[in-house]
Amino acid sequence: RRSSREVQDSNSQTPLLESPSLSSSPDVKIDIPLTQELEQELVFPDEPLKTVFSFLFLIFGFLVTTFSLALTHERVPDYDPLPDIVLDNTTYHQWGLKASEIIIILSIVLAFITVILHTHRMIVIRRVFFILGLLYMYRGLTMFVTVLPISDKNYECAPKLNHTITFLELISRVATIVSGGGLSMNGKQIYCGDFIFSGHTMVLMMTFFVVREYSPRTKKFLVFHMLSLVLSVTGVSMLLVSRGHYSIDCLVAYWVTSRVWWTYHTMANTKHLQLSGSHNHMDNIWWWYVFRYAESNVPGEVPRRYSLPLPKRMREGVTRWRARWGGGAGHHRLEETEE
C-alpha cells in the first residue's frame, strides 16, 4: 500500500505538456498524418464542373492580360532602356528569346505529362487553371499601372496609333495576341509594354512547381525534378540575355508565382485554413471564398498516385493484359513507393 505522503507527492507532480489553455479542458486534439491505407480509403471526387469553371476563370484572366497589353502598347515611353545590373553586364543574344520560348514548350510538355498521368488529374488541372487565372489577372494589372521603356531596342514593335484607340482596333489587337498564344516566335507578339511582370518566367516557374508537387518524390524521379528546374532556370537566363525582360520583371514574376502557389496549396492541405474565423487571416484574401468552393470536397492532401488516362474498360483490359503477361498483381495504378 502507498502511504498518504506518497499519494500527496504524486498528485503534486506537474503533468507533461501542461499549459494554461488545456488545464480547463480535458480534450486535446492531435493532428496525425494520414497513413497510406487511410489515404486510399478517402474519396477524391473529380468534380468536372468545377474544373470547367476554373478553365473559364483562366480564359478570363488571360483576356485581362491581353486587353491590358493592347492598351499599354500605346503608352510605352520612347526612352532608352533602364539601367539593369544583369542586362548591363551580359552579352546580348537576340536568339535567346526564341530559345526561351522553345524551353517553355518543353517545360509545358513535362508538366502536362505529370498532370495527365496523375490519378486525381481533374483536381490538379482545376488548381493549375485557377492559379494561372489569378496570375494572369495580376500581370494585367501590374503591366498597366507602370509602363517601362522597351528593354531591347532591336525588338520590332507595331507602330502606335495617332488617335485614341477604338473598340474595333482594341478587339483586333486582342485577337492577334490570343492567336499567337503570347509567344514571339510565331510573329504575333508585336505589341510592347508587357514588362512587369514576366509572363515567360511565370509559366516556367509554374511548370516546375507542377512537376515538383505532383510527380513522385522518390530518388528515381529526382532527375525528372532536376531536369524541370534546369529548364526553368535556363529559360529565364535566355530571356535575360535576349533583353526580353528586365531583371525586376523576372524577380517579381518568381515572387508572385511562388507565393500564390504556396499559399493555395498550404490552404488546400490544411483544413483549419478553409474555415472562416478569427483564427484564420487567410480568409481576408479576396479569392479565398472561390478557393474554399473549389476545395470543399477534397478530403485532404492529394496523394501521389498515377494511372493511365483511359476509359474504364480499356484500363481493365490493360490490367488483364499485365496480369497475363507477368505484370505483377495486374494493377493499372502506378503507386508511388518511397525509397
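Look above for the structure.
Residues numbered from 1 in each chain as written. Predicted model: local features only at pLDDT ≥ 70, side-chain atom pairs only at ≥ 80, totals over all residues. Heavy atoms only, no water.

Some words on the overall build of the protein
Heads up, the condition is: Going along the chain from the N terminus, every DSSP run of H or I of four or more residues is numbered as a helix, and every run of E of two or more is numbered as a strand. Contacts were defined at the residue level, with two residues in contact if any of their heavy atoms lie within 4.5 Å.
Helix and strand content of the protein: 12 helices and two strands. Taken from the N to the C terminus, the helices and strands of the protein come in the order α-α-α-α-α-α-α-α-α-α-α-β-α-β. Long-range pairs, those at least 24 residues apart, make up 81% of the contacts in the protein with a sequence separation of at least 6.

So, the packing of helix α8 (residues 199–214) against helix α10 (residues 247–268)
Selection rule: Axis geometry follows a simple rule: fit a line to the C-alpha atoms, using only the stretch in contact for helices, then measure angles between N-to-C directions, giving values from 0 to 180 degrees. By definition, turning the near helix anticlockwise from the far helix through less than a right angle yields a left-handed crossing, and turning it clockwise yields a right-handed one. Following the grouping adopted for this structure description, the nonpolar residues are Ala, Val, Leu, Ile, Met, Phe, Trp, Tyr, Cys and Pro, the charged ones are Asp, Glu, Lys and Arg, and the polar ones are all others, Gly among them.
Contact geometry of α8 with α10 gives a least axis separation of 9 Å together with a crossing angle of 35 degrees. In the packing of α8 onto α10, the handedness of the crossing is right-handed. Across the interface between the two elements, T201, M202, M205, M206, F209, V210, E213 and Y214 of α8 pack against C250, A253, Y254, T257, S258, W261, W262 and H265 of α10. Residue composition of the contact of α8 with α10, by class: 11 nonpolar, four polar and one charged.

Focus on a nonpolar patch on the surface
Spelled out, the test is: For patch detection, residues must exceed 30% relative accessible area and be free of salt bridges, and they are connected within 9 Å for like charges or within 5 Å for nonpolar side chains (Val, Leu, Ile, Met, Phe, Trp, Tyr). Note on areas: Shrake-Rupley, 1.4 Å probe, and residue coverage restricted to the protein chains presented here. What makes a salt bridge here is a side-chain nitrogen of Lys or Arg within 4 Å of a carboxyl oxygen of Asp or Glu, nothing more. Accessible area is worked out with a 1.4 Å probe on protein chains only. A residue is then buried under 20% of its type maximum, exposed over 50%, and partly exposed in between.
The grouping of L49, V52, F53, F55, L56, I59, L63, V178 and Y293 at the surface amounts to a nonpolar patch, some 780 Å² of accessible area in total. The element best represented in the nonpolar patch is helix α4 (residues 48–72), accounting for seven residues. Structurally, I59 can be placed in helix α4. Judged by its relative accessible area of 37%, I59 falls in the partly exposed class.

Overview of the environment of L227
Of note, L227 is situated in helix α9 (residues 222–241). Taking the relative accessible area as the measure of exposure, L227 reaches 41% and is therefore partly exposed.

Some words on unusual backbone geometry
Note that the residue after I196, namely F197, is joined by a cis bond; omega there is 0 degrees. With respect to the helices, strands and loops of the structure, F197 is situated in the loop between α7 (167–179) and α8. Even without being glycine, R243 reaches a positive phi, approximately 65 degrees. Position of R243 relative to the elements: it lies in the loop between α9 and α10. A relative accessible area of 11% places R243 in the buried class.

Description of the state of the cysteines
Inclusion rule: When two cysteine sulfur atoms lie within 2.5 Å, the pair is treated as a disulfide.
Under the definition given, this model contains one disulfide. The partner cysteine of C157 in its disulfide is C192, sulfur to sulfur 1.7 Å. What sets the handedness of the C157 and C192 disulfide is the S-S torsion sign, and at about -90 degrees it is left-handed. Pair noted here: C157 is in the loop between α6 (121–145) and α7 and C192 is in the loop between α7 and α8, with a separation of 35 residues, a long-range link.

A short note on the packing of aromatic side chains
Worth spelling out the cut-off: Stacked, tilted and edge-to-face are the three classes applied to pairs of Phe, Tyr and Trp rings, where Trp contributes its six-membered ring and a pair requires centres within 6.5 Å; stacked means planes under 30 degrees apart, edge-to-face means over 60, and tilted covers the rest. Only Lys NZ and Arg CZ are tested; either one counts as a charge over a ring when it is within 6 Å of the ring centre and within 35 degrees of the ring normal.
Summed over all chains, the structure comprises 15 aromatic pairs. Taking 6.4 Å as the distance between ring centres and 85 degrees as the angle between the ring planes, the aromatic pair formed by F221 and F224 counts as edge-to-face. Judged by relative accessible area, F221 falls into the partly exposed class, the value being 35%. Above the plane of the ring of Y293 lies K50, whose end atom (NZ or CZ) is 4.7 Å from the centre.

Digging into α9
Condition: The span expected for a helix works out to 1.5 Å for each residue beyond the first.
In this model α9 runs 29 Å from its N-terminal to its C-terminal C-alpha over 20 residues, within 8% of the 28 Å that 1.5 Å per residue would give. Buried residues of α9: H225, S228, L231, S232, G235, V236, M238, L239, L240 and V241, and no others. Phi turns positive, to about 65 degrees, at R243, one or two residues after α9.

As for the environment of T176
Summarising the element assignment, T176 is placed in helix α7. As a C-alpha pair, T176 and T66 span 110 residues in sequence and 9.4 Å in three-dimensional space. Leave out the neighbours within four places in its chain, and T176 touches K188 and Y191.

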